[in-house]
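Inside the fold
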Amino acid sequence: MISREKHDRMANAIRFLSMDAVEKAKSGHPGLPMGTADIATVLFTRFMKHDPKTPHWPDRDRFVLSAGHGSMLLYSLLYLLGYEDITIDEIKNFRQLGSRTAGHPEYGFAAGIETTTGPLGQGFANAVGMAIAERMLNAQFGNDLVNHYTYALVGDGCLMEGISQEALTLAGHLRLNKLIVLFDDNHISIDGPVSLADSTDQRARFAASGWNTLRADGHDPDAIAAAIESARQSDRPTLIAFRTTIGYGAPTKAGTNKVHGSPLGADEIAKTRAALGWDSPPFVVPSDILDDWRLAGLRSAKERGAWEKRLAAADTETRVQFDRRMRGDLPEAFPSVIVDYKKKLTQDNPAVATRNASEMALEVINECVPETVGGSADLTGSNNTKTTQTKPITPTDFSGRYIHYGIREHAMAAAMNGIALHGGLIPYGGTFLTFSDYARPAMRLASLMHIRSIFVMTHDSIGLGEDGPTHQPVEHLAALRAIPNHNVFRPADATETAECWQLALESKKTPSTLALTRQKLQPVRLDFEEENLCARGAYELSPASDDAKVTIFASGSEVEIAMEARAMLEERGYPTRVVSVPCFELFELQPNDYQQAILGNAPVRIAIEAGVRQGWDRFIGVDGIFIGMHGFGASGPAPELYKHFGITAEAAVEAAEARLRG
Ligand SMILES: Cc1ncc(C[n+]2csc(CCOP(=O)(O)OP(=O)(O)O)c2C)c(N)n1
């Protein structure tokens, strides 16, 4: 047992590391780490199952600092507990270029940072995904291998964000009882008291969605421990509202918005040292306190050893599969399964919408890759994300592989990120492309974190028809292509769809969006090719009969139109080639000579895509011809809309001829 005096000094170590690091960096947020130091100290000295020496231990408890601005709380903890990535020099270099202690916690910068947080509320929704992953893997591998808690520390800001409502209702519905949310209920945000802008009874809100809710004094270690202990016994997820004082210990600034996000200043820090009886200089933790923290870091080492023995004792098949999935490797047979499937496709040549082609590909993939987890934000029948292998999970049975996320696009994307971050599972989830706007903040974070979340976005253009311009994406392909490290795939037929799925699954460090049609398409890849042609990002689908006068670049549903235009131009004596462009981002990764060869030197270059022009100048140049959308769409049958907006083979031919005639 840790005495009260010891507890206070251990918590004060967090407080002083945090305020001194913020002071040295001349920026940062001391208020949250100072206010939540007691909660964190109790959690990590009495409850957290983790091992700083084996930080990636799959069955560790997860700790998510959703209120990412309080990053110094996490960095202090990781240093004190003995995580090697966070040394005292890293603490001193807080917020400096190249340090692991970035302004907000960044996944991949140091072991122990489970996710990137900063945009408020995201971490909470990530934690929901992690808790889902834990239950699913528990159902698949049993208590011996997977049985841990997920803790998320949230502030008023996280709970005010809309995403929190989506995340909490999903967690409440699924009864994720191993999810414990620690609410830093300090009544303060940036502008001042929370009461300036919000008067929600947070406990009542969570309770309304099936949560267990508790309240405790966030500065009383025994009360904190009792609340966490009680939460761990709950059959539902738990919110603990910990009443805290922001900037606890700072004599004149504590309890006010002045400590939220600026250095305390030398004078206030000196007074805090006196008030808390801390006489160590900045960045020095008294050795007995550091020892106590390091000891706390060792508390689960035995448990980790026992877990390793259990894994070693598991039957070979289970062990090999568990290890493979935790490494994120696909089954060895996967590439050949895709090749066989492509062979079959070129025999059948199905004329299907790419959303159906995606379902067909998934039927093959899900059979071979047991770690995929499908889902949709209430558009399962439209997104075609469900296959015969993927039974839905329910609050009482997590053995399935499908998640009905409900109409919660934002939390779906963030929970998918949490599932991917947890490891052992590969999440894919669907909605309409136009509603990627509702998921975009989480999609961006997937890119920033370099994780494998796969977003299935169907109804990818005016080709969806009658639902009209609210549902017809026009700028979304360009907007998603603008996100760094995000592969946007727009396949043209069933074969390209299979190839794009393969690329998305094999891409461990880059999330993917698959943009898929609602409407039926004619196959354009008629011959079997073992090579994954989409891997090049753009490739010559159909060569010109002679030196090309025209090159037509197109993606997805417009490749068919490009092929029609090619036939017409060839007939009129203009040698024309067609380049299919399923993925801008992969094209940019090709060697320069390949890119040049694909761009070619035909005097006329045309791009056809039923979206806005932005981005296509890369292929056609500023004086190229763009056939696509110049504003919002309209409601009507798809074929009529294509005619109305001039996205036709005839329009392409006419424009090309006008140019060629000069
Ligand atoms: C999505 C998003 N909006 C705005 C911000 C900017 N921001 C950072 S912290 C904060 C206030 C958060 O208040 P609270 O959660 O109560 O934190 P505390 O003041 O207790 O540290 C805001 C608005 C952000 N990080 N993310």
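The following paragraphs examine the structure supplied in this document. Bear in mind the structure is a predicted one, so any value in this text is a computation, not a measurement. (Residues numbered from 1 in each chain as written. Predicted model: local features only at pLDDT ≥ 70, side-chain atom pairs only at ≥ 80, totals over all residues. Heavy atoms only, no water.)

What follows is about the overall build of the protein chain. Across its full length, the protein chain carries 26 helices and 16 strands. In terms of C-alpha radius of gyration, the protein chain reaches 28 Å, essentially the compact-globule figure of 26 Å for 662 residues. By its C-alpha atoms, the protein chain is 90 × 55 × 45 Å across when sized along the principal axes. Sorting the 662 residues of the protein chain into buried and exposed places 62% on the buried side. Long-range pairs, those at least 24 residues apart, make up 77% of the contacts in the protein chain with a sequence separation of at least 6. Mean positive and mean negative side-chain charge positions of the protein chain (66 and 82 charges, respectively) differ by 4 Å. (Helix = DSSP H or I, 4+ residues; strand = E, 2+ residues; numbered from the N terminus. Rg over C-alpha atoms; globule rule 2.2 N^0.38 Å. Buried < 20%, exposed > 50% of the residue type's maximum accessible area, 1.4 Å probe, protein only. Contact = heavy atoms within 4.5 Å. Lys, Arg positive; Asp, Glu negative; His and termini not counted. Charge placed at Lys NZ, Arg CZ, Asp CG, Glu CD.)

Taken together, the neighbourhood of the ligand is formed by 15 residues, with Gly-118, Gly-157, Asn-186, Ile-188 and His-260 sitting nearest. Take His-69: an N or O atom from its side chain is 2.8 Å from an oxygen atom of the ligand. In the environment of the ligand, an oxygen atom lies 2.6 Å from a nitrogen or oxygen atom belonging to the side chain of Asn-186. Look at the ligand: alone it shows 590 Å² of surface, and the protein chains cover 74% of it. For the shell around the ligand, a count of residues per class yields six nonpolar, seven polar and two charged. (Near = heavy atom within 4 Å. Polar contact = N/O pair within 3.5 Å; in protein donor to acceptor, adjacent residues only side chain to side chain. Areas by Shrake-Rupley, 256 points an atom, 1.4 Å probe, with all protein chains shown as cover. Nonpolar A, V, L, I, M, F, W, Y, C, P; charged D, E, K, R; others polar.)

Right, let's get into the packing of aromatic side chains. In total, this model carries 18 aromatic pairs according to the counting rule given. On the basis of an interplanar angle of 90° and a centroid distance of 4.8 Å, the ring pair of Phe-206 and Trp-211 is categorised as edge-to-face. For Trp-211, a relative accessible area of 2% puts it in the buried group. Consider the rings of Tyr-428 and Trp-501, whose centres lie 5.4 Å apart with planes at 80°: the pair is edge-to-face. Of this pair, Tyr-428 sits in strand E8 (residues 426–432) while Trp-501 sits in helix H20 (residues 494–506), and the two are 73 residues apart along the sequence. The residue whose ring lies beneath Lys-386 is Tyr-402, and the NZ or CZ to ring-centre distance is 5.7 Å. Its guanidinium or amino end placed over the ring of Phe-584, Arg-481 lies 3.8 Å from that ring's centre, counting from NZ or CZ. (Phe/Tyr/Trp six-rings, centres within 6.5 Å; stacked < 30°, edge-to-face > 60°. Lys NZ or Arg CZ within 6 Å of the ring centre and 35° of its normal.)

Here we come to the packing of helix H5 (residues 122–141) against helix H17 (residues 409–422). Any two packed helices are characterised by how steeply their axes cross, that is the angle between the axes, and by the distance between the axes. Across the interface, H5 lies against H17 with an axial gap of 6 Å and an inter-helix angle of 55°. It follows from the interaxial angle that H5 and H17 lie oblique. By crossing handedness, the relation of H5 to H17 is classed as right-handed. Along its contact with H5, which presents Gln-122, Ala-125, Asn-126, Gly-129, Met-130, Ile-132, Ala-133, Glu-134 and Leu-137, the element H17 presents His-410, Ala-414, Ala-415, Asn-417, Gly-418, Ile-419, Leu-421 and His-422. Broken down by class, the residue content of the contact of H5 with H17 amounts to nine nonpolar, seven polar and one charged. (Axes fitted to C-alpha atoms, helices over the stretch in contact; angles between N-to-C directions. Parallel < 35°, antiparallel > 145°, perpendicular 65-115°, else oblique. Left-handed = near helix turned anticlockwise from the far one by under 90°.)

This part is about the sheet that holds strand E6 (residues 372–376). A sheet is described by the order of its strands in space; here six strands give the open sequence E7-E6-E8-E9-E11-E10, paired in parallel fashion. With one partner strand each, in any of the chains shown, strand E7 (402–404) and strand E10 (487–489) form the two edges of the open sheet. Between one strand axis and the next, the sheet turns by 20° as a mean value, whatever way the strands run. With five bridges joining them, E8 and strand E9 (residues 454–458) adopt parallel strand pairing. Bridging from a neighbouring strand, Gly-430 pairs with Val-456 of E9. The strands touched by helix H18 (residues 436–449) are E8, E9 and strand E11 (512–516); relative to E9, the strand with the most contacts, the crossing angle is about 155°. (Pairing = 2+ DSSP bridges.)

Another aspect to go through is H17. Between its first and last C-alpha atoms H17 spans 20 Å; for 14 residues at 1.5 Å apiece the expected length is 20 Å, and the two agree. Among the 14 residues that make up H17, 14 are buried, leaving the element largely enclosed by the rest of the structure. Among the residues trailing H17, Gly-423 stands out with phi positive, at a value near 95°. (Expected span 1.5 Å × (residues − 1).)

Extensive coverage of strand E2 (residues 150–154) is indicated by the burial of five of its five residues. Neither face of E2 is open: one carries Thr-150, Ala-152 and Val-154, the other Tyr-151 and Leu-153, and all of them are buried. Here strand E1 (residues 62–65) pairs with E2 via four bridges, running parallel. By the bridge assignment for E2, Leu-65 is matched with Leu-153. Bridge count between E2 and strand E3 (residues 179–185): five bridges; the pairing is parallel. Residue pairing in the sheet places Val-154 in a bridge with Phe-183 of E3.

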